[in-house]
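Structural characterization, general
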Amino acid sequence: MNGMKPGHVPLERALSKLGLASRSQAKRLILDAKVRVNGTIRLDPFYPVVPEKVRIDIDNQSVSKAEPRTFMLYKPRGCVTTNSDEKGRPTVFSLIDEGDIHLVAVGRLDWATSGLLLLTNDTQLANKLTDPLSGIRRTYLVSVRGEVTEGELDGLRKGVTDEGEFLRADEIVLRKASGKESHLTVYLMEGKNREIRRMFAAIGHEVTRLKRVAYGGLAMGDLQPGQYRQLSDEEIRIVFAG
């Protein structure tokens, strides 16, 4: 980061990394003179700190790094993966009732996509889970209009370009096909914006249903739409093992 010494981060980012607030919430707390660093009020959101080596107080109360917690949610269709929505649509965070814990979504599922979504207050874990270098496979059940041919699937396996971006599935399995509709399992190694919908649109098929059923080695199990549960450390390891 420009002008920052090694190990230092802006104060607003430090609050976010500690799982205490979002970047926007942290900025507001700082500008409202509610944040002290080693006893001194700091009004600059970009004030450099080493999070592990300073004492931070919010509203005159000492704070420490929040206990790492990660949840698996069965995201229903018709809700968005944002903290708020200008159209007034429900968000995934409205489904989580865990007090004041600050969570971030691990990647996103669009409004019409359902299935497994991870949320955590551990930003380092979130970054690792979404990093393509981690090699975590995502599994999706997909329904599209029309009959998908093996020739078309070969094209998707090789990759297609959409709006200048190269899109390619790690693997595609055709489960059932008819003139009206085809059902497939699609595996991705990273989650680009609306990647599966864009891939099938590129070969002339509209996605009618899309559901993520596994993230790495972790499957959704018997959760119902809108339900969630906290993951154990072992289950988080299973994500990476898959």
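Residues numbered from 1 in each chain as written. Predicted model: local features only at pLDDT ≥ 70, side-chain atom pairs only at ≥ 80, totals over all residues. Heavy atoms only, no water.

Attention shifts here to the sheet that holds strand 2 (residues 35–37). The four strands are arranged 3-2-5-6 in an open sheet whose pairing can be described as antiparallel. In the strand order of this sheet, the two ends are held by strand 3 (40–41) and strand 6 (61–63), each with one partner. Relative to strand 3, strand 2 runs antiparallel, the two being bridged by two bridges. Within strand 3, the position partnered with R36 by the bridge is I41. (Pairing = 2+ DSSP bridges. Helix = DSSP H or I, 4+ residues; strand = E, 2+ residues; numbered from the N terminus.)

In this section: the environment of S24. Inspection of the secondary structure assignment puts S24 in helix 2 (residues 23–31). The exposure class of S24 is exposed, given its relative accessible area of 57%. (Buried < 20%, exposed > 50% of the residue type's maximum accessible area, 1.4 Å probe, protein only.)

What follows is about helix 6 (residues 233–241). Of all the positions in helix 6, only E235, I236 and V239 are classed as buried. When helix 6 is viewed along its axis, its buried side chains cluster within an angular range of 105° and face the same direction. For helix 6, exposure combined with an orientation more than 90 degrees from the buried face picks out D233, R237 and A241. Tucked inside the fold, the buried residues of helix 6 contact strand 7 (70–75), helix 3 (123–130), strand 15 (207–215), strand 16 (218–219) and strand 17 (228–230). (Arc of directions from axis to C-beta. Contact = heavy atoms within 4.5 Å.)

With that settled, consider the pairing of strand 13 (residues 171–177). Sheet topology places strand 13 next to strand 14 (residues 181–188); six bridges connect them, and they run antiparallel. Each bridged residue has a counterpart across the sheet, and for V173 the counterpart in strand 14 is T185. Two successive antiparallel strands, strand 13 and strand 14, enclose a turn made up of three residues.

With that out of the way, let us pick up the pairing of strand 15. Looking at chain direction, strand 9 (residues 114–120) and strand 15 are connected through two bridges and run parallel. For G115, the partnering residue across the bridge sits in strand 15 and is R212. One ladder, built from seven bridges, connects strand 10 (residues 138–145) with strand 15; its direction is antiparallel. By the bridge assignment for strand 15, Y140 is matched with R212. Two elements, strand 15 and strand 16, share two bridges in a ladder whose sense is antiparallel. The residue bridging A214 from the neighbouring strand is A219, located in strand 16. Counting the residues that bridge the hairpin from strand 15 to strand 16 gives two residues, and of these G216 lies at a positive phi of roughly 60°.

Turning next to the pattern of salt bridges. Tallying each qualifying case throughout the model produces 16 salt bridges. E12 is the salt-bridge partner of R23, the closest N and O atoms lying 3.5 Å from each other. Residue R23 is found in helix 2, and its partner E12 is found in helix 1 (residues 11–17); the two are separated by eleven residues along the sequence. The partner of R237 in a salt bridge is E234, and the shortest N-O contact between them spans 3.0 Å. With a gap of three residues between them, R237 and E234 both fall in helix 6, about one helical turn apart. Residue classification places E234 among the partly exposed positions, given a relative accessible area of 43%. Connected through shared salt-bridge partners, D110, R194 and R197 make up one network. (Salt bridge = Lys/Arg side-chain N within 4 Å of Asp/Glu carboxyl O.)

What follows is about the environment of Q124. Inspection of the secondary structure assignment puts Q124 in helix 3. A relative accessible area of 51% means that Q124 is categorised as exposed. For Q124 and R108, which are 16 residues apart along the polypeptide, the C-alpha to C-alpha distance reads 17 Å.

With that out of the way, let us pick up the environment of L129. In this fold, L129 is placed in helix 3. The buried category is assigned to L129, whose relative accessible area is 2%. As for L129 and P6, which are separated by 123 residues in sequence, their C-alpha atoms are 24 Å apart. Excluding residues within four positions of it along the chain, L129 makes contact with V106, L118, I136, R138, Y215, V239 and F240.

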